[in-house]
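These are the residues of each chain, in order.
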Amino acid sequence: MKYLLLLLPFILFASKPNLLLLKVYKDQNVTQWVMSEKLDGIRAYWDGKHLISRSGKIIHAPQWFLKEYPPFVIDGELWSKRGDFENISSIVRDKYPSHQWHEIKHYIFEVPNAKGDLFERLAKVKKYEGRYIQIIPQYVIKNKQDMQKFLNNVEQKGGEGIVVRDPTAHYIAKRTSRALKVKSFLDAECEVIGFKEGKGKFKNLLGSLECKLPDGTIFNIGSGFSDEERRKPPKIGDRITFKYKELTKYNKPRFPVFLRIRNNN
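Here is a short report on the structure shown in this document. (Residues numbered from 1 in each chain as written. Predicted model: local features only at pLDDT ≥ 70, side-chain atom pairs only at ≥ 80, totals over all residues. Heavy atoms only, no water.)

A surface patch of positive charge is lined by Lys16, Lys23, Lys26, Arg54, Lys174 and Arg175. With a relative accessible area of 59%, Lys16 lands in the exposed category. (Patch = residues over 30% accessible without salt bridge, like charges linked within 9 Å, V, L, I, M, F, W, Y side chains within 5 Å. Areas by Shrake-Rupley, 256 points an atom, 1.4 Å probe, with all protein chains shown as cover. Salt bridge = Lys/Arg side-chain N within 4 Å of Asp/Glu carboxyl O. Lys, Arg positive; Asp, Glu negative; His and termini not counted. Charge placed at Lys NZ, Arg CZ, Asp CG, Glu CD. Buried < 20%, exposed > 50% of the residue type's maximum accessible area, 1.4 Å probe, protein only.)

The next point concerns empty space enclosed by the protein. Going through the model one piece at a time under the given rule, you end up with 1 cavity of 30 Å³ or more. For the largest cavity, the full set of lining residues is Leu20, Glu110, Arg121, Arg165, Asp166, Ala169, His170, Tyr171, Ile172, Thr176, Arg178 and Ala179. Its residues placed into classes, the lining of the largest cavity shows 5 nonpolar, 2 polar and 5 charged. (1 Å grid on protein atoms, 1.4 Å probe; cavity = no way out; pocket = protein on both sides within 12 Å on 5 of 7 lines; lining within 4 Å. Points joined across faces, edges and corners; volume = space filled by probe spheres on them. Nonpolar A, V, L, I, M, F, W, Y, C, P; charged D, E, K, R; others polar.)

Moving on, we come to unusual backbone geometry. Despite not being glycine, Asn204 has its phi angle at roughly 70 degrees, a positive value. Here Asn204 is to be found in the loop between strand S12 (186-197) and strand S13 (206-212). (Helix = DSSP H or I, 4+ residues; strand = E, 2+ residues; numbered from the N terminus.)

Along the polypeptide, Ser53 turns up in the loop between strand S4 (51-52) and strand S5 (58-59). Ser53 gets classed as buried once you look at its relative accessible area, which sits at 0%. Reaching out from Ser53, the side chain makes a polar contact with the side chain of Ser55 at a distance of 3.1 Å. (Polar contact = N/O pair within 3.5 Å; in protein donor to acceptor, adjacent residues only side chain to side chain.)

All right, on to the sheet that holds S12 then. Read across the open sheet, the 5 strands follow the order S14-S13-S12-S15-S18; overall the sheet is antiparallel. The open sheet is flanked by strand S14 (218-221) and strand S18 (257-261), the only strands paired with a single partner. Recorded for the sheet is a direction-independent mean angle of 45 degrees between the axes of neighbouring strands. (Pairing = 2+ DSSP bridges. Axes fitted to C-alpha atoms, helices over the stretch in contact; angles between N-to-C directions.)

Attention now moves to the sheet that holds strand S8 (residues 133-135). Reading across the sheet, the 6 strands line up as S5-S4-S3-S6-S7-S8 and stay open at both edges, with mixed pairing between neighbours. The two strands at the open ends of the sheet, each matched to only one other strand, are S5 and S8. One ladder, built from 2 bridges, connects S4 with S5; its direction is antiparallel. Bridging across to S5, Ile52 finds its partner in Ile58. Against the sheet, helix H3 (residues 85-93) engages strand S3 (42-46), S5 and strand S6 (74-79), with an angle of about 40 degrees to S3. (Contact = heavy atoms within 4.5 Å.)

Here we come to the layout of surface pockets. Roughly 1,200 Å³ of internal volume is contained in the largest pocket. Along its surface, the largest pocket is lined by 44 residues, and Lys38, Arg54, Arg175, Lys181 and Asp187 are the ones closest to its centre. Counting only elements with at least two residues in the lining of the largest pocket, the list comes to strand S1 (21-24), strand S2 (34-37), S3, strand S10 (162-165), strand S11 (175-182), S12 and strand S15 (239-244). Classifying every residue of the lining of the largest pocket by side-chain character gives 17 nonpolar, 9 polar and 18 charged. Of the volumes computed, that of the second largest pocket is approximately 460 Å³. Lining the second largest pocket are 23 residues, and of these Asp40, Gly158, Glu160, Leu259 and Arg260 sit closest to its centre. Secondary-structure elements contributing two or more residues to the lining of the second largest pocket are H3, S12 and S18.

Attention shifts here to the pairing of S12. As paired strands, S12 and S15 are joined by 6 bridges and run antiparallel to one another. When the bridges of S15 are listed, Ala188 appears paired with Phe242. Bridge count for S12 against S13 is 6 bridges, and the pairing is antiparallel. Within the sheet, the bridge partner assigned to Lys196 lies in S13 and is Ser208.

Quick look at the packing of aromatic side chains now. Tallying each qualifying case throughout the model produces 12 aromatic pairs. Taking the centre distance of 6.1 Å and the plane angle of 40 degrees together, the rings of Phe65 and Tyr69 count as tilted. You'll find Phe65 and Tyr69 in the same group, each marked buried. An aromatic cluster of at least three residues, connected via ring pairs, comprises Trp46, Trp64, Phe65, Tyr69, Trp101 and Tyr132. Between Lys243 and the ring centre of Phe185, over which it is positioned, the NZ or CZ distance is 4.9 Å. The ring of Phe85 carries the charged tip of Arg260 above its face, separated from the ring centre by 4.8 Å. (Phe/Tyr/Trp six-rings, centres within 6.5 Å; stacked < 30°, edge-to-face > 60°. Lys NZ or Arg CZ within 6 Å of the ring centre and 35° of its normal.)

Next comes the structure, spelled out in structure tokens:
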């Protein structure tokens, strides 16, 4: 019984939160909206007592990390730096939180139950900002060129893309056209269903992955892999994230590039 009690904190599940989700920017007029960098981390919803992933799993953060959290709901991204997704994922998924949580901050972009516009909602978090909680800066978009300049700057520094939002909108707990992701490339997820061996310099290594989209479309991804990833590629059944330029007339991703294995958080 004693051992069961010790394990209980590590098998907690919560209700899957109803979250604000982004649609894709398609040249809409977003002048006077706000823009921010889209952080490539782990989504984390604080319900006032626990950090919860988008799939409803408890995130086992150390107590010292959560010590200064507010008593109300906040939503954001657990993140460290650009290009660090695998490390972030490893730290956050660990059921026995380590000292590596010192590398992580919770970057807040919403206060779901607060009244008012976006800036008024985020203002509630201001007094809780500190070592582990930060509000993601929001910048007013002057025009399309202003947004494109910001996007280019983020991508040149290795960022994933940007988010543009209508700051006058109330919190919307679903996918909405008043919050959009903007990237030079699109991204999506697929399931690995097979492999093709490489040729030439990639002989005896991974050449490409055979992948299946949720709609059943099958295609291959042959670029974006490091030498280590070609030696130890994703497994059949893994879900991976890839980027691509557009869809062909046959609904297949054009110029797909592997990004990462995607976990279930």
